[in-house]
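Each chain is listed here by its residues.
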Amino acid sequence: MLKILLVEDDELFRLGLSVRLQQETDLHIVAEAEDGETAVNLTNRHPLDLVLLDIGLPRMSGLEACYKIKSNHPKLAILALTSHSEPSLINRLIEVGIQGYCLKGIPAETLILAIRSVVAGASWWDSKATQEIQSAFTSPSNSILDALTEREREILTLMAQGKSNQEIAKMLYITSGTVRVHTHSMIQKLGVCDRTQAILLFQNLND
């Protein structure tokens, strides 16, 4: 059971989101907050797997709350959910070290997959955010690959060597499901459609 803190100042949106998420048997909303200050306090009071955090919050901004939560709980996963996609905001979220960023209005199934992905150790970035990450690097050869986590690059390298998910899982001492989660994340970041295209892009960048 994944324990989630839901932070959203729009009461109706928060209620709808809470009801939908708790329809999933493996997701549990442990607590809810409508401002950043309360969110920070709740992370100190409850054992959590994830903070699902709106960025536009009263009393303490979502960004400031991210800083404080990460300072107190470096390993606690944070998934930002917001209607804003400004490059400056995205870059600051990346600097804070959150695990993912979703725009409001995405399908519930996509958000649920994002939640499970970041808790599993992968990262999840909205396609607009991914473009910003890629453009943040000056070297064309590294622009995309540098957006991947160390684990994602490790898995992509093994994929390029022709290894299957089962073989990769065995070599890295993780489950095949975790390999699939990382693969989905890297495909999003690379802006490709599938595993094959990811491998081809990786090989082209390393030629």
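Since the structure is predicted, the reported quantities are computational estimates derived from the model, not experimental observations.

Engineer: Mind laying out the sheet that holds strand β5 (residues 100-103), listing which residues take part and the relevant values?
Structural biologist: In space, the 6 strands of this open sheet follow the order β2-β1-β3-β4-β5-β6, with parallel pairing throughout. Both edges of this open sheet fall to β2 (27-33) and β6 (124-125), since each of them pairs with a single strand only. Note that strand β3 (residues 50-53) and strand β4 (residues 77-82) share 4 bridges and pair parallel. If you follow L52 over to β4, its bridge partner there is L79. Each of β1 (2-7), β2 and β3 is contacted by helix α2 (residues 36-43), which is oriented at about 130° to β2, the strand it contacts most.

Engineer: Explain helix α1 (residues 11-21) to me, and be specific about the residues and the numbers.
Structural biologist: Residues R14, L17, S18 and L21 constitute the buried set of α1. The arc that holds the buried residues of α1, viewed along the axis, is 100°, so those residues lie on one side. Exposed and facing more than 90 degrees away from the buried side of α1 are L12 and L15. Contact partners of the buried residues in α1: β1, β2, β3, β4 and α5 (108-119). With a side-chain oxygen lying 3.2 Å from the backbone nitrogen of L12, the N-terminal cap of α1 falls on D10.

Engineer: Explain the nonpolar core to me, using residue names and the numbers behind them.
Structural biologist: Core analysis: the largest hydrophobic core is formed by 28 residues, its most contacted members being L5, V7, V51, L93 and I98. Elements with a minimum of two residues in this core: β1, β2, α2, β3, α3 (62-72), β4, α4 (87-96) and β5. If we skip the residues at most four places from it in the chain, L93 touches I55, L63, A80, I98 and Y101. Ranked by size, the runner-up nonpolar core spans 19 residues in total, among them L6, I29, I112 and I115.

Engineer: Mind laying out the side chain of E152, listing which residues take part and the relevant values?
Structural biologist: Summarising the element assignment, E152 is placed in helix α7 (residues 150-160). A polar atom in the side chain of E152 sits 2.8 Å from the side chain of S185. Other than its neighbours up to four places away in sequence, E152 contacts A122, S123, H182, S185, M186 and K189.

Scoring rules and cut-offs
Every chain is numbered independently, its residues counted from 1 as its sequence is written. Predicted model: local features are reported for residues with pLDDT of at least 70 only, side-chain atom pairs are reported and counted for 80 or more only, and whole-chain, interface and lining totals are derived from all residues. Excluded from the side-chain calculations are hydrogens and water; all other atoms, namely the structure's heavy atoms, are used. Following DSSP output, two strands are said to pair if at least two bridges run between them. Starting at the N terminus, helices and strands are each numbered in turn, a helix being any DSSP run of H or I of at least four residues and a strand any DSSP run of E of at least two. Residue contacts follow a heavy-atom distance rule, with two residues in contact if any of their heavy atoms lie within 4.5 Å. A fitted line through C-alpha atoms represents every axis, and for helices the fit uses only the stretch in contact; the resulting angles, taken between N-to-C directions, go from 0 to 180 degrees. Residue exposure (1.4 Å probe, protein chains only): buried if accessible area is under 20% of the type maximum, exposed if over 50%, otherwise partly exposed. Read the arc as the range of directions from the helix axis to the C-beta atoms. Two N or O atoms form a polar contact when they lie within 3.5 Å of each other; inside protein one atom must be a possible hydrogen donor and the other a possible acceptor, and for residues adjacent in sequence the pair counts only when both atoms belong to side chains. In this description, a nonpolar core means a group of buried Ala, Val, Leu, Ile, Met, Phe, Trp, Tyr and Cys residues linked to one another through side-chain atoms lying within 4.5 Å.

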